[in-house]
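Each chain is listed here by its residues.
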Amino acid sequence: MSESVGCQTHFVGWDRPLLISAAEFIANHYDAPVPQTTEPTSRQRPTWDLSKLLVVLPTGRAVRRLSQRIRLEAERRGVAYRPPRWLTVGELPERLYRRASDSPPLADETERVLAWTAALRATSDTKLVPLVSTPMPRDTMTAWIELATTLNRIHEDLASANLSFTDVAAVLRGDPATEGELARWESLRSIHAGYLARLKAAHRSDPSEDRRQALANGRCELTSPLLLVGTLDLSEAVTAMLRQVTVTAEQRRQPSPITALVAAEPALRDHFDEFGSVNATRWLNWKLPLDDAQLVAGDDLVDQATAALEAITDWQGSCAPGEITIGVTDESMVAPVEFELRQAGLEGHRELGWTFALTPIGRLVELLRLHLTQRTWQSLAALVRQADVHAWLDRTLPPEFGESRWLVALDELLAEHFPTDLSAPLTDAMLRVRHGAIGAPAAKATAEAVSGALRDFEDREPKRLSQWAALLAQFFDTLYAGVPEQQDRVGKRADEAIQVGRRVLERLQTLGETLDSPLPAATAMDLISGRLFSQRVGDPPRDEAIQISGWLDLALDESPALVVIGFNHPFVPDSVTADPFLPGGLRSRLRMSDNERRLARDIYATQLILATRQRSRFIVGRRGADGSPTPPTRLLAAAEPADVARRLVRLLEPQASNLRRSASAVIASVWGHPVSKTRLPVPILDRGYAVRSMSVTSFASYLACPYRFYLRHVLQLKPLDDAARELAANQFGDLIHQSLEWFGDSPAKDETRVGPIEDAMIAALDRFAAQHLGSAPTAAVRLQIEQARRRLRLVAKAQAERRRQGWRIWKVEASVGEQNNAGIDVDGRRMTIRGRFDRIDLHDTGHWSILDYKTHGHHPRKKHLQKDPRGGYRWVELQLPIYRLMIPYLVGQDVDPDAVTLGYFNIADKDSETRINPADFTSDEFHQAEQVIRDCIRRIWAGDFEPSVDPVLYDDYAMILQSDTASPWLDADDSSGDNAALSADT
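Presented here is a report on the structure given in the accompanying data block. (Residues numbered from 1 in each chain as written. Predicted model: local features only at pLDDT ≥ 70, side-chain atom pairs only at ≥ 80, totals over all residues. Heavy atoms only, no water.)

**Some words on empty space enclosed by the protein**
If a probe the size of a water molecule is rolled over the atoms, the empty space left behind becomes visible.
Line of reasoning, step 1. A complete count under the given rule lists 3 cavities of 30 Å³ or more for this structure.
Line of reasoning, step 2. Taken as a whole, the largest cavity holds about 60 Å³ of empty space.
Line of reasoning, step 3. Put simply, the parts of the chain that give the lining of the largest cavity at least two residues each are α8 (207–216) and α9 (236–251).
Line of reasoning, step 4. Of the residues forming the lining of the largest cavity, the biggest block, 4 residues, is contributed by α8.
Line of reasoning, step 5. Grouping the amino acids of the lining of the largest cavity by side-chain chemistry returns 4 nonpolar, 2 polar and 2 charged.
Line of reasoning, step 6. Of the voids in this model, the second largest cavity is the one considered here, and its volume is about 50 Å³.
Line of reasoning, step 7. Lining the second largest cavity, in full, are Pro419, Thr420, Asp421, Ala424, Pro425, Leu426, Met430, Leu773, Gly774, Ser775, Ala776 and Pro777.
Line of reasoning, step 8. Residues of the lining of the second largest cavity, tallied by class, amount to 8 nonpolar, 3 polar and 1 charged. (1 Å grid on protein atoms, 1.4 Å probe; cavity = no way out; pocket = protein on both sides within 12 Å on 5 of 7 lines; lining within 4 Å. Points joined across faces, edges and corners; volume = space filled by probe spheres on them. Helix = DSSP H or I, 4+ residues; strand = E, 2+ residues; numbered from the N terminus. Nonpolar A, V, L, I, M, F, W, Y, C, P; charged D, E, K, R; others polar.)

Have a look at this one:
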């Protein structure tokens, strides 16, 4: 034991975890009753009363684990138990001093940010120049709040070192090299005074200033004993308060109320201060007893998670899962670890919990914030996809829109018409989506339901933050009214997040009126979401699972086996040198906690990890979550130079991570959970649908892949991309086609002059775009409309020339189908053919021409015929040969098909390719194409819908057929027979 400045410091060694020693220390030093030899009655049971004891630990997990040990000790002794008051280090300062009797309530973080914002906006542009070189508009609240948040962070950082803005200015004053910096800190000092004045006017106190005043006025004292357990990195401010507590006790001739437990041998007392915090100078010279075998090379996060799984597989024979901890130095590493554990059939417990943003309600808040900021159809579509909003709409909208048909209608509106601004009216054409009668009302009702629930949020008038918080709470009430509590683990976590959100909103509704100034909805949502996203939720402890803990929890972790992932810079130790206001050099001059102190802290933490457990490994990766390089941690330098050099060479060897053994088979056999190959079978088709009619264009789909043909043309499964921001190729083609169709029905179709033709085409384009795309399409779509306008001007020139050559438009969008019994007879049966033909021209000589508009420059032969690897050509498109078979239904039975010209009217992006390209197929080729057409029909009637083995260009069904994975190629080489059976099924 060491006694210094009145604090009793006990060095309990590091031959076992500190929490075990701490539990034993509490039992031996704080009046624990002896175990009962007989079973006592409730009246006879003695009480172990620790309610006056304050116990401080670094993290919440340490609090939970030590409290669990003390409770179990009380149960073992058979005594009643009153627990101590458990605190984390962050909760300690307010327990170390007596507040002045006239002190107003402490301001919370939101109130402090609002006070900083008010002080900044009241500061002249001249005084703000050292902070922001370009003056900020006074009405742009978001920028002011962001700057206020930064100043609040700097203020708290300084306060933790028992410093103020005035102290920083004093250090810089008189140094010519820091004249520019001095101006900045003088300005901050002035703004800080205004900040304190605004808090005072709001009858609030700044917590940091409250502590400083308590120190200055000698009000730091304790009325209860305080036990510090493993508090290895107390701030200067807390240390100063603890010292005053001990001095006050000495002055009153009272025993010291403070005891510190340190996990180290007594011989190392000079490596710590009197309260158990590390002495950085000493620990920077420490040599860690690392063994080369404990350092494992990894690549990216997935590979590092695999390496961790390999480590715990090695320990399976001697450690149960609940005796293993996986430590992560960065939270982005948790998800890959959880995935690898699930793959091995193991259960992990995320000790870190989840940030509020990762919960369903957190996602809702973020989507709502974006929607209130953007107010677009796209932000609405994202919002209604959130599970809780989706469920609410299913409950709220009329029954005829149920089963999410309202969502399909909304998606079709976005995918086909690209609206942006919610306030822009939708045309009748835009609301005529595929679902016909329900399409228009469903899309409209969806927008109106959400708008109604958010009516108060859409009010452009600013409101107080407390009012916005109340409105958000009301929105939550609307959304979750009548929703039962969920029973599964994920559902309970979501319910907990909802309750956490409600508590935050309730607190925001009690903001001081002076600080609660009116804010726009978007700015208020930024502030509210910031408060919400600082919260965390977690699952109940599961001690039987593998624990996944953060770096700061590992020094006091009790698991006998530990593997650390991400033993890299900049994760451990974390760096503070990049701070623009408090860079490393200035922090050193101010004697603030800097990189060297953090390095010393983490050297000691690593020493504890090595000394207090039987098994440990450290995964040194090469890349972080974003793919950027991550060098090995500076902690590896805490060794002899020769050891450092050898380890770095081994870890940085390019093939180091590849030299590790493959874990999959070992994990499967050791843990008893077979790891099988994931197989998502291609769905088996219900071939009961009879195909009685086909469109002209569907033949090409069948030639490409019969399975995909069935999905698209029989089952009507078509892709829908509500996230698209520009017209797809077919949609751009529709824009051109519709414009030319309307031109073909106008009087200008017989014009020979370019001007009137161009005017008519452009007018048709503008009319169609206005009807189909509305007044506020996306920027990309507006650009595409201009591209279409340019192309139509070229078409106008080609059309004028064609008319002068004696050709006139006889009919546009002529159609065939059931209405005129158009079809193709095969083996005594008829397949009805459906189609619309872009344009039929008639020459003054009586010659016919059937043309198809194409927004490319390709010749018909190139699009219809493709080289066959076995020699010759094969048909891949049958459009024009089918046109030829439909001539009797289009222009009359007496017209000789050989006398009809077929071809493309190419409307390309190149001027030289905008022209009419007649097809030049021979009679034999047409005859061959007719045989292919009839063969397709026979195969369709025979139910031949096997997937094509050849790749499909622009595949809309890759996810269904898994054509974008390696599985099909791997299956081709699989001799087990499983895949053959799969192919037979499909």
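**Concerning the sheet that holds strand β18 (residues 615–620)**
Line of reasoning, step 1. As summarised here, the arrangement of the 6 strands in space is β9-β18-β17-β10-β16-β11, forming an open sheet in which the pairing is parallel. Lying at the two open borders of the sheet, with one neighbouring strand each, are β9 (295–297) and β11 (348–350). Averaged over all pairs of adjacent strands, the angle between their axes in this sheet comes to 25°, without regard to strand direction.
Line of reasoning, step 2. Pairing of strand β17 (residues 561–565) with β18, which is carried by 5 bridges, proceeds in the parallel orientation. Pairing of Val564 across the sheet is with Phe618, part of β18.
Line of reasoning, step 3. Relative to β18, helix α24 (residues 595–611) is tilted by about 135°, and along the sheet it contacts β17 and β18. (Pairing = 2+ DSSP bridges. Axes fitted to C-alpha atoms, helices over the stretch in contact; angles between N-to-C directions. Contact = heavy atoms within 4.5 Å.)

**Re the layout of surface pockets**
Line of reasoning, step 1. Volume-wise, the second largest pocket comes out at about 1,600 Å³.
Line of reasoning, step 2. Around the second largest pocket sit 50 residues that line it, and Val89, Ser160, Asp233, Leu234 and Ser235 are the ones nearest its centre.
Line of reasoning, step 3. Sorting the residues of the lining of the second largest pocket by element identifies α5 (141–160), α8, α9, α10 (280–283), α22 (551–554), α23 (584–589) and α24 as the ones contributing at least two each.

**Some thoughts on the pattern of salt bridges**
Line of reasoning, step 1. Scanning all chains against the criterion turns up 68 salt bridges.
Line of reasoning, step 2. Taking the shortest distance from any N to any O, the salt bridge between Arg385 and Asp411 comes out at 2.5 Å. With Arg385 in helix α14 (residues 377–385) and Asp411 in helix α16 (residues 405–417), the pair connects residues that are 26 residues apart, well separated along the chain.
Line of reasoning, step 3. Since its relative accessible area comes to 34%, Arg385 is described here as partly exposed.
Line of reasoning, step 4. Of the charged contacts in the structure, one is a salt bridge between Arg789 and Asp766, with a shortest N-O distance of 2.8 Å. Placement of Arg789 in helix α31 (residues 779–804) and of Asp766 in helix α30 (residues 754–773) is noted, with a sequence separation of 23 residues between them.
Line of reasoning, step 5. Taking the relative accessible area as the measure of exposure, Asp766 reaches 35% and is therefore partly exposed.
Line of reasoning, step 6. Salt bridges here are not isolated pairs; linked through shared partners, they connect Arg61, Arg64, Arg65, Arg69, Glu351, Asp543, Asp557, Glu558 and Arg613. (Salt bridge = Lys/Arg side-chain N within 4 Å of Asp/Glu carboxyl O. Buried < 20%, exposed > 50% of the residue type's maximum accessible area, 1.4 Å probe, protein only.)

**Regarding unusual backbone geometry**
Line of reasoning, step 1. Omega for the peptide link from His569 to Pro570 comes to 15°, which places this bond in the cis form.
Line of reasoning, step 2. If you trace the backbone, Pro570 turns up in the loop between β17 and α23.
Line of reasoning, step 3. Omega for the bond connecting Val572 with Pro573 falls within 30 degrees of zero, at -10°, which places this linkage in the cis form.
Line of reasoning, step 4. Counting through the fold element by element, Pro573 comes out in the loop between β17 and α23.
Line of reasoning, step 5. Within the chain, His203 stands out as a residue other than glycine whose phi angle is a positive 60°.
Line of reasoning, step 6. Inspection of the secondary structure puts His203 in the loop between α7 (179–201) and α8.
Line of reasoning, step 7. Of note, the phi angle at Asp827 is positive, near 50°, even though the residue is not glycine.
Line of reasoning, step 8. Mapped onto the elements of the fold, Asp827 is located in the loop between β21 (823–826) and β22 (829–843).

**What to know about the packing of aromatic side chains**
Line of reasoning, step 1. A complete count under the given rule lists 26 aromatic pairs for this structure.
Line of reasoning, step 2. Ring centres of Trp875 and Phe921 lie 5.2 Å apart, and the angle between their planes is 55°; on these two criteria the pair is classed as tilted. Pair noted here: Trp875 is in strand β25 (residues 873–875) and Phe921 is in the loop between β27 (915–918) and α35 (923–941), with a separation of 46 residues, a long-range link.
Line of reasoning, step 3. Taking the relative accessible area as the measure of exposure, Phe921 reaches 9% and is therefore buried.
Line of reasoning, step 4. Taken together, the ring pairs connect Phe11, Trp14, Phe272, Trp283, Trp286 and Tyr604 into an aromatic cluster.
Line of reasoning, step 5. Geometry around Trp807 places Arg802 over its ring, the cationic atom sitting 4.4 Å from the centre.
Line of reasoning, step 6. Positioned above the aromatic ring of Phe926 is the side chain of Arg884, whose terminal nitrogen or guanidinium carbon lies 4.6 Å from the ring centre. (Phe/Tyr/Trp six-rings, centres within 6.5 Å; stacked < 30°, edge-to-face > 60°. Lys NZ or Arg CZ within 6 Å of the ring centre and 35° of its normal.)

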